[in-house]
Amino acid sequence: MQANGLDERTNLLVEEYSTSGRLDNITQVMSIHTQYLESFLRSQFYMLRMDGPLPLPYRHYIAIMKLVKTGENNWSLPELVHAVVLLAHYHALASFVFGSGINPERDPDTSNGVRLIAVNNFCVCDLANDNNIENASLTSSNFGIADSLSELEALMERMKRLQEDKEDEEASQEEMATRFEKEKKESLLVISGGICAFPHRDSFDDEIVSTDVSRYVEDPGFGYKDFARRGEDHLPTFRAQDYTWENHGFSLVNRLYSDIGHLLDEKFRMVYNLTYNTMATHEDVDTTTLRRALFNYVHCMYGIRYDDYDYGEVNQLLERSLKVYIKTVTCYPERTTKRMYDSYWRQFKHSEKVHVNLLLMEARMQAELLYALRAITRHLT
């Protein structure tokens, strides 16, 4: 989990600039992870500009609004799948934008190529150079630095112990099911930022550029709701083995919207397997368990369970401040604050936290696609 080579990154940015005539803020931040950015740009370009069931104006309207109202018109199945993919893409992209503190485009009429932009009160040069985060909680005292270092060492020790325990003895199916139910119920109790967890809002940017989209909004209160009410004994569970992306979703979306399945699958695999075998200042680290815990926790919050995964790992690897951050970024992204970004994994580099946000974004997108595509499959059968 570290920044890619400068030459590779520069070449990709030059290519993107020559194609679109500009470099938006999202592209500049994502370029820290060049391999992923290539996959992301290919899939987004295909959704918005290449041949597909939906007319070009519809695609951009859906991207702006992130909603579909069919009205009196009937949608064909290919059009519906195209719309679902766009919705899932931009819902998830909002998580990345707010989670990474990416500023709005302030000068859309100017295309001057690369320019410095503020991200989390840092600039792109910090991100590109992979500098460590230096917020007030760390620089105010030696105690803060020592405390964050001990957190890092403790996390690495838990990762090592989990790997050793897995080699010695695996949990039974009954035990893993119990751990999932426990984690699923606890995820409902995690309070997102902006309500109680961080009552004094500390936004990423003091100057917020207001964009008047109210004329497009019919229901301003529309947003995420927990998949079950707190206190319910039997919470709904989506068993991933019954409807997986690999065996079901991929084939359906590729059949009704040609080639997009391959592009999405490449992107999912890319982010899931992306690693530089580093954690902060440590090298030669196997981060598989950590990446898997992040991805599966997002799906757990949406009620999706993998029978072959031990959810006890989530509870051991993800501290509460990180769980609050994950729920806020994936469910209520507009409530994300800089304080939340700074509060977890304080010794990690910027690129590593951007990597976390990429994992959360793709897990969020895949969860939405699984529910939507399963509903379409049931309609067809």
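The model shown is predicted, which means the values in this text are computed figures rather than measured ones. (Residues numbered from 1 in each chain as written. Predicted model: local features only at pLDDT ≥ 70, side-chain atom pairs only at ≥ 80, totals over all residues. Heavy atoms only, no water.)

A.B. asks: Would you take a moment to explain the overall build of the protein chain for this structure?
C.D. replies: Regarding its fold elements, the protein chain presents 16 helices and 6 strands. The burial tally for the protein chain puts 49% of its 381 residues in the buried class. Of all intrachain contacts in the protein chain linking residues separated by at least 6 positions in sequence, the fraction that spans at least 24 positions is 77%. Roughly 18,600 Å² of accessible area belongs to the protein chain as shown, and the carbon and sulfur atoms make up 50% of that amount. (Helix = DSSP H or I, 4+ residues; strand = E, 2+ residues; numbered from the N terminus. Buried < 20%, exposed > 50% of the residue type's maximum accessible area, 1.4 Å probe, protein only. Contact = heavy atoms within 4.5 Å. Areas by Shrake-Rupley, 256 points an atom, 1.4 Å probe, with all protein chains shown as cover.)

A.B. asks: In this structure, what is going on with the pattern of salt bridges? I would like to understand it.
C.D. replies: Close approach of charged atoms allows side chains of opposite charge to pair. Inspection of every chain in the model, using the stated rule, returns 15 salt bridges. The partner of Asp307 in a salt bridge is Arg305, with the nearest N and O atoms 3.3 Å apart. Since its relative accessible area comes to 12%, Asp307 is described here as buried. By relative accessible area, which is 12% here, Arg305 ends up buried. Ionic pairing is found between Asp342 and Lys338, a salt bridge with its closest N-O pair at 2.6 Å. Of the two residues, Asp342 and Lys338 both sit in helix α15 (residues 338–343), 4 residues apart, roughly one turn of that helix. (Salt bridge = Lys/Arg side-chain N within 4 Å of Asp/Glu carboxyl O.)

A.B. asks: I tried to follow the nonpolar core on my own but got confused; where do I start?
C.D. replies: For soluble globular proteins, nonpolar side chains are generally found buried alongside one another. Grouped together as the largest cluster of nonpolar side chains are 95 residues, with contacts concentrated most on Met30, Leu318 and Leu369. Among the elements that make up this core, the one with the highest residue count is helix α16 (residues 350–380) (13 residues). Setting aside chain neighbours within four positions, we find Met30 in contact with Tyr36, Leu37, Phe40, Leu93, Phe96, Leu358 and Met361. (Core = buried A, V, L, I, M, F, W, Y, C linked by side-chain atoms within 4.5 Å.)

A.B. asks: Sorry if this is basic, but what is going on with the packing of helix α11 (residues 260–273) against α16 here?
C.D. replies: A packed helix pair is summarised by two numbers, namely the angle formed by the two axes and the spacing between the axes. At a minimum axis distance of 9 Å, the contact between α11 and α16 shows a crossing angle of 140 degrees. In terms of orientation, α11 lies oblique with respect to α16. Where α11 crosses over α16, the handedness of that crossing is left-handed. Residue-level inspection shows Leu264, Lys267, Phe268, Val271 and Tyr272 of α11 in contact with α16, the latter providing His355, Leu358, Leu359, Glu362, Met365, Gln366 and Leu369. Residues belonging to the contact of α11 with α16 are distributed by class as follows: 8 nonpolar, 2 polar and 2 charged. (Axes fitted to C-alpha atoms, helices over the stretch in contact; angles between N-to-C directions. Parallel < 35°, antiparallel > 145°, perpendicular 65-115°, else oblique. Left-handed = near helix turned anticlockwise from the far one by under 90°. Nonpolar A, V, L, I, M, F, W, Y, C, P; charged D, E, K, R; others polar.)

A.B. asks: Looking at this structure, how should I read helix α4 (residues 56–65)?
C.D. replies: Each α-helix winds once per 3.6 residues, and so residues spaced three or four apart point in a common direction. Looking only at α4, the buried set comprises Arg59, Ile62, Ala63 and Met65. Against α3 (34–49) and α5 (77–99) lie the buried residues of α4.

A.B. asks: What is the right way to look at the packing of aromatic side chains in this model?
C.D. replies: To describe a pair of aromatic rings, you give the distance between the ring centres and the angle between the ring planes. Under the criterion given, the structure shown has 12 aromatic pairs. The interplanar angle of 25 degrees and the centroid separation of 4.6 Å between the aromatic rings of Trp345 and Phe348 together place this pair among those described as stacked. For the pair Trp345 and Phe348, one class covers both residues: buried. Linked through ring pairs, Tyr325, Tyr344, Trp345 and Phe348 together constitute an aromatic cluster. Across from the ring centre of Tyr332, 4.1 Å away, lies the NZ or CZ of Arg335, which sits over that ring. The ring of Tyr344 carries Lys353 above its face, with NZ or CZ at 4.1 Å from the centroid. (Phe/Tyr/Trp six-rings, centres within 6.5 Å; stacked < 30°, edge-to-face > 60°. Lys NZ or Arg CZ within 6 Å of the ring centre and 35° of its normal.)

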